[in-house]
Amino acid sequence: MQSKPFYQLSGLLSLLGLLALLTGLIVMVLLPGIRIAAWGLLGLGVLLLATAFFIDFRKVSGAITGRRGRFSTGTTVMASIFIGITLLVNAISIGNYQRFDVTGLSQFTLTSQTQNILSEMETPVQVLAFFTPNDPYGIRSYANSLLDEYQNYTDKLRVEEIDPDEHPDQADLYNVVQYQTIVFESGNLRRLVTPQEIMEQAEHSFTSAILEVTGIVQKKVYFLTGHGETDIYANYSQARQGLLDNLYNVDTLDLVVTPSIPEDTSALIIAGPRRSLASSEVEIIKDYLENNGWLMILLNPGYPPEFKQLISDWGIDIADGTVIDPSSYVSPSIDSPIVPRTRNFFGLTETYFPGATAIIPQEGYPDNIMLQPLFYTSQDSWLEKDYDPLSEPEFVEGTDLKGPLSLGILVAAVTASSGEGETFDESVLTRLVIVGDSDFASDKHFYNGDNGNLFLNLVELLTAGKELISIERKVLPFRRLVVSQEIANFINISSISLLPVLVLLLGGIIWWRRR
């Protein structure tokens, strides 16, 4: 009878501890500004529950092992401890949690480049979202969810939502003329992101705005136009979007309209030209290369002859013909050689090049030039001089060039503008990437195999410093299965015969057992 007050005390302490934990959790959720007070309440709750446990240890153990103990005060203490642990775990998880994107292509995750920029932010950025509640296009909810994702990686981003109808003076102050416009501001720098940019390229536009207002310069890539090159807004739209996702600025350049290469050019890309360059354009590009320029040329069979002249001084030649690789190609196109990981400089699993020509290193090229093959065909391949897609190709000794053949080469050269005695690792180099195909990066093939990653890695190889930075792509809506002819034959045969063979086999087993 004398111990009864102790049992009542332990039950009271457990209930008070439970109440303290619940209050601490509520304060942490609703009033994050006084999180220290919330942690104090949580600590008090843990202390009260622990005290109740030690006072009533015998009853608690009885609640676990005895049949009648579950009706005792010990059960109250045990239940309080269990609920208290649940509350405490939830309170801890509010400030310490990890999100997992289990989609195969991480389509709900920011790119690693954006994550790195946000984690390294040192300058605070103010985000003013001029949103109206009536938004039939869903821009407001989409932008808010994306900004929430940004804030998961940095505490330097402060977001404020303003209704421009209720605060027209604020909208006028920031020159906002459209609903659903977002303003990024830091110090004296400001960048407006329009509703069109949010819908078309939200992550790129947000990250670019952060870089711009914090004073970080982005690399800019120009695509040459005016000679029938691939249109970056049509057939190369995915390649363009891939560059935007990886925080490049992308634009076009017409040397007839602008007779010089802009100073902010990080790399110039010439993709699939079909018409000749003017002599003045050839001289502009040659001068750009001789002054440590970075150039990528993607050619197809039947390329304009001026390109041989353009790159003849850099230790490489462009072959005339189409590459045939009968042991490794995308079925049924024998002129689309597959390059596996073992023959790829970047270690990409599988890339292919529909209708490619070969890039041939010259013999005895100058000592100031370094050549690095990037991907090449198998030993069974050859360069067919006069390929006819309507007939079966055959290797002709003395006419066709036997493989293996380089489909792409990196040229690094120490130019006259570099200092005397500097090595390849020390000096600023001219970089030139030549690929015997432009279609591999087109919209039709960009998401097949690792073609898209290959294109982005080629651009990074041109524009990065001495190290090759890995590229992470996301949101790939469609992937085509790229297989060789042998695998295609196996799939066709097995799809026709495998199921009937299994049915016959099972029928035979059943007949044998019942025989």
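Refer to the structure presented above.
Residues numbered from 1 in each chain as written. Predicted model: local features only at pLDDT ≥ 70, side-chain atom pairs only at ≥ 80, totals over all residues. Heavy atoms only, no water.

**A short note on the sheet that holds strand E15 (residues 382-384)**
- With antiparallel pairing, the 3 strands of this open sheet are ordered in space as E10-E15-E16. Where the open sheet ends on each side, the last strands, each with one partner, are strand E10 (322-324) and strand E16 (401-402).
- In this structure, E10 lies alongside E15, joined through 3 bridges in antiparallel fashion. Bridged to Thr-322 within E15 is Glu-384. (Pairing = 2+ DSSP bridges. Helix = DSSP H or I, 4+ residues; strand = E, 2+ residues; numbered from the N terminus.)

**Focus: the packing of helix H5 (residues 112-119) against helix H8 (residues 195-213)**
- Between H5 and H8, the least distance of the axes is 11 Å, while the angle of their chain directions is 30°. If you check the angle between H5 and H8, you find them roughly parallel. Handedness of the crossing formed by H5 with H8: left-handed. Contacts from Thr-114, Ile-117 and Leu-118 in H5 reach Glu-203, Thr-207, Ile-210 and Leu-211 in H8.
- Residues of the contact of H5 with H8, tallied by class, amount to 4 nonpolar, 2 polar and 1 charged. (Axes fitted to C-alpha atoms, helices over the stretch in contact; angles between N-to-C directions. Parallel < 35°, antiparallel > 145°, perpendicular 65-115°, else oblique. Left-handed = near helix turned anticlockwise from the far one by under 90°. Contact = heavy atoms within 4.5 Å. Nonpolar A, V, L, I, M, F, W, Y, C, P; charged D, E, K, R; others polar.)

**Concerning the pattern of salt bridges**
- The full count for this structure, using the stated rule, is 8 salt bridges.
- Ionic pairing is found between Arg-191 and Glu-212, a salt bridge with its closest N-O pair at 3.1 Å. Linking Arg-191 in strand E4 (residues 189-193) with Glu-212 in helix H8, this pair joins segments that are 21 residues apart in sequence.
- Exposure remark for Arg-191: the relative accessible area of 17% places this residue in the buried category.
- Classification of Glu-212 as partly exposed rests on a relative accessible area of 41%.
- With a closest N to O distance of 3.2 Å, Lys-308 and Asp-320 form a salt bridge. Here Asp-320 lies in the loop between strand E9 (316-318) and E10 and Lys-308 lies in helix H11 (residues 306-311), a separation of 12 residues in the sequence. (Salt bridge = Lys/Arg side-chain N within 4 Å of Asp/Glu carboxyl O. Buried < 20%, exposed > 50% of the residue type's maximum accessible area, 1.4 Å probe, protein only.)

**A closer look at the sheet that holds strand E18 (residues 430-435)**
- The sheet built from 7 strands is open, its strands ordered E6-E5-E7-E8-E18-E17-E14 with mixed pairing. In the strand order of this sheet, the two ends are held by strand E6 (249-253) and strand E14 (369-376), each with one partner. Across the sheet, the mean angle separating the axes of adjacent strands is 20° when strand polarity is ignored.
- Of the pairings in the sheet, the one linking strand E5 (residues 220-224) to strand E7 (residues 265-271) comprises 4 bridges and is parallel in character. Across the sheet, residue Tyr-222 finds its bridge partner in E7, namely Leu-268.
- Helix H10 (residues 279-290) rests against E5, E7, strand E8 (294-298) and E18 of the sheet, and its axis sits at about 135° to E7.

**What to know about the nonpolar core**
- Ile-297, Phe-455 and Leu-458 are the most contacted members of the largest nonpolar core, which totals 73 residues.
- In terms of residues, this core owes the most to one element, helix H12 (residues 451-463), which gives 7 residues.
- Once residues lying within four places of it in the same chain are set aside, the contact partners of Phe-455 are Phe-223, Tyr-236, Ala-239, Leu-243, Ile-269, Met-296, Leu-298, Phe-440, Ala-441 and Phe-446. (Core = buried A, V, L, I, M, F, W, Y, C linked by side-chain atoms within 4.5 Å.)

**Focus: the packing of aromatic side chains**
- Evaluation of the coordinates by the stated rule reveals 11 aromatic pairs.
- Judged by centre distance (5.5 Å) and plane angle (50°), the rings of Phe-184 and Phe-206 are tilted. Of the two residues, Phe-184 is situated in strand E3 (residues 181-186) and Phe-206 in helix H8; the sequence distance between them amounts to 22 residues.
- On the accessibility criterion, Phe-184 (0% relative accessible area) is buried.
- Given a relative accessible area of 0%, Phe-206 falls into the buried group.
- Through pairs of rings, three or more aromatic residues link up here, namely Tyr-150, Phe-184 and Phe-206.
- It is Lys-402 that lies over the ring of Phe-395; its NZ or CZ is 5.3 Å from the centre. (Phe/Tyr/Trp six-rings, centres within 6.5 Å; stacked < 30°, edge-to-face > 60°. Lys NZ or Arg CZ within 6 Å of the ring centre and 35° of its normal.)

**A short note on H12**
- Over its 13 residues, H12 extends 19 Å from the first C-alpha to the last, a length consistent with the 18 Å expected when each residue adds 1.5 Å.
- Of all 13 residues in H12, 13 are buried; the element is thus mostly enclosed. (Expected span 1.5 Å × (residues − 1).)

**A short note on the pairing of E5**
- For E5, a buried count of 5 out of 5 residues is recorded, marking the element as mostly surrounded by other parts of the structure.
- Burial along E5 is two-sided: the residues Lys-220, Tyr-222 and Leu-224 and Val-221 and Phe-223 are all buried.
- Bridge count for E5 against E6 is 5 bridges, and the pairing is parallel. Opposite Lys-220, over in E6, you have Asn-249 as the bridge partner.
- Read from E5 through helix H9 (residues 237-245) to E6, the crossover connection turns out right-handed. (Right-handed = clockwise from strand over helix to strand, strands pointing away.)

Note that all results are geometric; they support no functional claim without further evidence.
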